[in-house]
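Summary of the model geometry
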Amino acid sequence: MTTEIYLDSNATSVVLPAAIAAAIDAMGQRYGNPSSTHATGLKAKVILDDARACAARLLGVGQGRLMFNSGATEGIQTAVLSALVALRERRDAGEAIGSLLVYGATEHKAVPESLAHWNRLLGLNLALHKLPVGHDGVHDLAALREVAPQAAMVCTMAANNETGVVSDLIGIEAVLAQTNTAALWMVDCVQALGKLKLDLSSTRIDYAPFSGHKLYAPKGIGMLYVRAGAPFTPLIMGGGQESGQRSGTENMAGIAALGAVLSALERGDTFRTQAELCAFRARLADSLRAALPGVVFNNPFDKALPTTLNFAVPGLSSRELMDVFDAAEVRVSAGSACSSSKAAPSYVLDAMGLPLWRSAGAIRMSFGPLADEATIAAACARIERCGAALRASCLIPSERTAVPHDGLLQLGVEGACSWMVLDAASRSCIVIDPLPDHVARIESYVRCQNYQVQAIVSTLPNAGRAMLIEALGRHFNRHADADEYGWPLNAAAGLVLENGSGAASIKLGQQVLACVHCGTGDELRAYLLGTPQGATLPAASVRFAFSAHPVQQALHAVSTAQTLLCPTRDEHNQFCTVAAPQATLAADAQLDRSALDAFLQAHPNARLVDVREPYEFAAAIAPALAGRVALSVPLSRLAEHASGWLRAEQAPLVFFCRSGNRSMKAAQCLRRLGHQQAYSLSGGLALAPPLPLAA
Ligand code: PLP
């Protein structure tokens, strides 16, 4: 048992213990080939026959076909191929077949992709037509009524994988009947299995694909129902298994496991009732409302399966929510599983007409009908933990003022960035090159830590500052007039730099920010941050220099090789550089998990550095890595700490994060800066051995 709480059942589910036992039995005791006529084969064949008979009863297959296959993608393929081959034959025979392949706008990608593929391969040249859904995610039946007379095939799902929204199959069937269309009808039943009552042969549904791994069976096993009399063409030809409908020796372990799940469903003694599942959803929703102020649910609960919640939180990206949940060992997904690494807006939520922030910021939390009381209670506690971590990190509003940070903060680490120089003692800060995208984040950060913003300066003239000034309200020091760079006209003049030149500066606690004119015509400015000695700012005291473009030439005489250059355009994701960067040795910077303990023993002074964001660090429930306390230095604070590490005696630094991706960037950055003993823990925390369940 681990601390993990798995709430991503619509992507795939755990495997039912009885299903694992059945698979082991099929591989161990009853390993025969069900096509063999000897006793060993016959023992295996019983598994196949029993599973099929059980499925046929449960789904109301009647006289229709029910074949086992590898999963829903194959089932969809077979259904589309069967329908399109028949349509081509009918058209070749001179029949009118319609001109449209109609599919719901929220279908799984397997549906439109298969339609387009087979339409092209078979040379049918029918037009693909997306059927709209309403704000509730339910198909627009009026739109269906309009296109049904021209439809050759109609594809709709029984329940959606991202939202759990249940289709009005009775309504669709009525429209198909009223419009007198001969269209073939496929219903993707993947998310409905075990959650909705199905009696397929009493409907006009021609094809219904199913997938085992969405309901407690393993991956790689599925089923396809084909109505008696509906056209059928095998996708795979060969030895004639599955009555010639799907050749290839059967996946007996998978079939045995799926059979065990189906028989549990039929017995009705294993899975939760609808009412119990609705109560679980209500508890999770209440916890989300309490922990994440302003949370909105993207799926209408009254029209959706009780096992799926889909939500967004104002001001938070799905990436941030995913990360904080993952740190708390709660597995959820961003929109749909396929797009979670990209965190692209969800096409399902877009089709429902939701605003971009809700579609791009969506999180799906899904559980299965096996969910238990203890897991839901634990999930609610973890949701509260995530809310607290986000509040403490100023990502969501909090009634209490957070502990102020000190030093340098980099916002938006991909591509372009804004910087904040923070002084905790005086609760004041300076913002450098704020980007419009960062206005809301800077504003909530400033309010939450109750800072006074002394100045908002930019490295190029006429950069927009008005939006941020407006947003900051009383937190911005409006007393001083500023030039077109936002530089206060009353900034103290007369600070002497290393090369003897004078500069204007703003005081921030013990430090100063000095303004340096660079480039021809003074169009570019750089800012130096350091601790002055009286009225001078020696080069060795300049820790950071900020500029939009490389300005080494201009800084040469006023800073040192250890001054970190903080770019406000960071296309290459370097965070910060030095005037003469060192080469990176990427391969050598990877530290394997298995070598970590020995490495730490050999280097007792090594520091373990967790580069996940503060809210992930705060939400984490994993005990310390290798029994050591790690330092929390998110990438947004890397420049600040890098400056200190480079100036101190160099001790090995072992960066880690969830996957090894962010820690690799940190290690490469430090190596470029000249710290040769920076390492990244490859594979990250995700590949660490499972943790024992906390008491
Ligand atoms: N249809 C729906 C609604 C799904 O959720 C999925 C899986 O994500 C599929 C089809 C594809 O299923 P399989 O993974 O079995 O190919």
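Here the structure is a predicted model, which means the values were calculated and not measured. All chains use their own residue numbering, which begins from 1 and follows the written sequence. Per-residue local features are limited, in this predicted model, to residues with pLDDT of at least 70; the limit for side-chain atom pairs, both in listing and counting, is 80 or more; totals at the level of whole chains, interfaces and linings are taken over all residues. Water and hydrogen atoms were dropped before computing side-chain values, which therefore reflect all heavy atoms in the structure.

So, the pairing of strand β31 (residues 678-681)
Along a regular strand, successive side chains alternate from one face of the sheet to the other. To be explicit about the condition: Burial status follows relative accessibility: with a 1.4 Å probe on protein chains alone, a residue under 20% of its type maximum counts as buried, one over 50% as exposed, and anything between as partly exposed. A run of DSSP states H or I qualifies as a helix once it reaches four residues; a run of E qualifies as a strand once it reaches two. Both are numbered from the N-terminal end. At least two DSSP bridges between two strands are required for those strands to pair. A clockwise course of the path from the first strand over the helix to the second, judged with the strands pointing away from the viewer, identifies a crossover as right-handed.
Residues Ala678 and Ser680 point to one face of β31 and Tyr679 and Leu681 to the other, with burial holding for every one of them. Inspection of the sheet shows strand β27 (residues 590-591) paired to β31 by two bridges, in the parallel sense. Residue pairing for β31: Leu591 is matched across the bridge by Leu681. Where strand β30 (residues 653-656) meets β31, three bridges bridge the pair, whose relative direction is parallel. Residue pairing in the sheet places Leu653 in a bridge with Ala678 of β31. Handedness of the β-α-β unit built from β30, helix α19 (residues 661-672) and β31 comes out right-handed.

Describing the packing of aromatic side chains
Defined as follows: Geometry of aromatic contacts follows a simple scheme: Phe, Tyr and Trp rings, the Trp one being its six-membered ring, pair when their centres are within 6.5 Å, and the pair is stacked under 30 degrees between planes, edge-to-face over 60, tilted otherwise. Whether a charge sits over a ring comes down to the Lys NZ or Arg CZ being within 6 Å of the ring centre and within 35 degrees of the ring normal.
Following the criterion strictly, the structure yields nine aromatic pairs and no others. Note on Trp487 and Tyr527: the rings are 5.6 Å apart at their centroids and 20° apart in plane angle, and the pair reads as stacked. Linking Trp487 in the loop between α14 (466-472) and β19 (492-497) with Tyr527 in strand β22 (residues 524-530), this pair joins segments that are 40 residues apart in sequence. Since its relative accessible area comes to 5%, Trp487 is described here as buried. In this structure Tyr527 comes out as buried when scored by relative accessible area, which is 0%. The rings of Phe297, Phe301, Phe311 and Phe325 are connected pair by pair, giving a single aromatic cluster. The side chain of Lys109 reaches across the aromatic face of Tyr347, ending 3.9 Å from its centre. Over the ring of Tyr679 we find Arg671; its NZ or CZ atom is 5.1 Å from the centre of that ring.

Some thoughts on the pattern of salt bridges
This is how it is decided: Think of a salt bridge as a Lys or Arg side-chain nitrogen and an Asp or Glu carboxyl oxygen that are within 4 Å of each other.
Applying the stated criterion to the full structure yields 26 salt bridges. Of the charged contacts, one joins Asp25 and Arg30 as a salt bridge, the two residues approaching to 2.9 Å between their closest N and O atoms. Between Glu276 and Arg272 there is a salt bridge, with its nearest N and O atoms 3.7 Å apart. The exposure class assigned to Glu276 is partly exposed, which follows from its relative accessible area of 33%. Residue classification places Arg272 among the partly exposed positions, given a relative accessible area of 30%.

Some thoughts on the site of the ligand
Applicable threshold: Whether a residue is near a molecule or strand is decided by its heavy atoms; if any one of them lies within 4 Å of it, the residue is near. Polar contacts, as used here, are pairs of N or O atoms within 3.5 Å; protein pairs need one atom able to donate a hydrogen and one able to accept it. Residues neighboring in sequence count only if both atoms are side-chain atoms. Charged means Asp, Glu, Lys or Arg here, nonpolar means Ala, Val, Leu, Ile, Met, Phe, Trp, Tyr, Cys or Pro, and polar covers whatever is left, Gly included.
The environment of the ligand is made up of Gly71, Ala72, Thr73, His108, Met157, Asn161, Asp188, Val190, Gln191, Ser211, His213 and Lys214. Asp188 is positioned such that a nitrogen or oxygen atom in its side chain is 2.6 Å from a nitrogen atom of the ligand. Measuring from an oxygen atom of the ligand, one finds a side-chain N or O atom of His213 at 2.9 Å. Split by residue class, the shell around the ligand holds three nonpolar, seven polar and two charged.

Side note on the sheet that holds strand β28 (residues 607-610)
Spatially, the five strands line up as an open sheet ordered β27-β31-β30-β28-β29, and their pairing is parallel. On the outer flanks of this sheet lie β27 and β29 (631-632), each paired with one strand and no other. As paired strands, β28 and β29 are joined by two bridges and run parallel to one another. The partner of Asp610 across the bridge, within β29, is Ser632.

Details of helix α13 (residues 439-448)
Considered for burial, the residues of α13 that qualify are Val439, Ile442, Glu443, Tyr445, Val446 and Cys448. In the segment just after α13, Asn450 is the residue with positive phi, at about 55°.

What about helix α18 (residues 638-647)?
Counting buried positions over the ten residues of α18 gives seven, a clear majority of the element. Where α18 is concerned, the buried positions are Leu638, Ala639, Glu640, Ala642, Ser643, Trp645 and Leu646.

Structural notes on the pairing of strand β4 (residues 127-131)
Sheet topology places strand β3 (residues 100-104) next to β4; five bridges connect them, and they run parallel. Paired with Tyr103 across the strands is Lys130, a residue of β4. This β-α-β element, β3 to helix α4 (residues 110-121) to β4, shows right-handed connectivity.

Here we look at the packing of helix α8 (residues 274-291) against helix α12 (residues 373-392)
When two helices pack together, you describe them by how their axes are tilted relative to each other and by the distance separating the axes. Rules: Geometry is summarised by axes, namely lines fitted to C-alpha atoms with helices restricted to the contacting stretch, and by angles between N-to-C directions that run from 0 to 180 degrees. Note that the term roughly parallel is reserved for angles under 35 degrees, roughly antiparallel for angles over 145, roughly perpendicular for angles of 65 to 115, and oblique for everything else. Left-handed describes a crossing whose near helix is turned anticlockwise from the far helix by less than a right angle; the clockwise case is right-handed. Working rule for contacts: check all heavy atoms of both residues, and any pair within 4.5 Å makes them a contact.
α12 packs onto α8 with a crossing angle of 15° between their chain directions and a minimal axis gap of 9 Å. On the basis of their axis angle, the class for α8 and α12 is roughly parallel. In this structure, α8 crosses over α12, and the sense of that crossing is right-handed. Here Phe280, Arg283, Leu284, Ser287, Leu288 and Ala291 of α8 lie close against α12, whose contacting residues are Glu373, Ile376, Ala377, Ala379, Cys380, Ile383, Glu384, Gly387 and Arg391. The residue inventory of the contact of α8 with α12, partitioned by class, reads nine nonpolar, two polar and four charged.

Side note on the state of the cysteines
We count it as follows: Cysteine sulfur pairs qualify as disulfides if the two atoms are within 2.5 Å.
One pass over the full model with this rule turns up one disulfide. Put simply, Cys394 and Cys448 are joined by a disulfide, and their sulfur atoms are 2.1 Å apart. With the S-S dihedral at roughly -70°, the linkage between Cys394 and Cys448 falls on the left-handed side. Taken together, the positions of Cys394 in the loop between α12 and β14 (407-411) and Cys448 in helix α13 put the pair 54 residues apart, joining distant regions of the chain. Cys394 gets classed as buried once you look at its relative accessible area, which sits at 3%.

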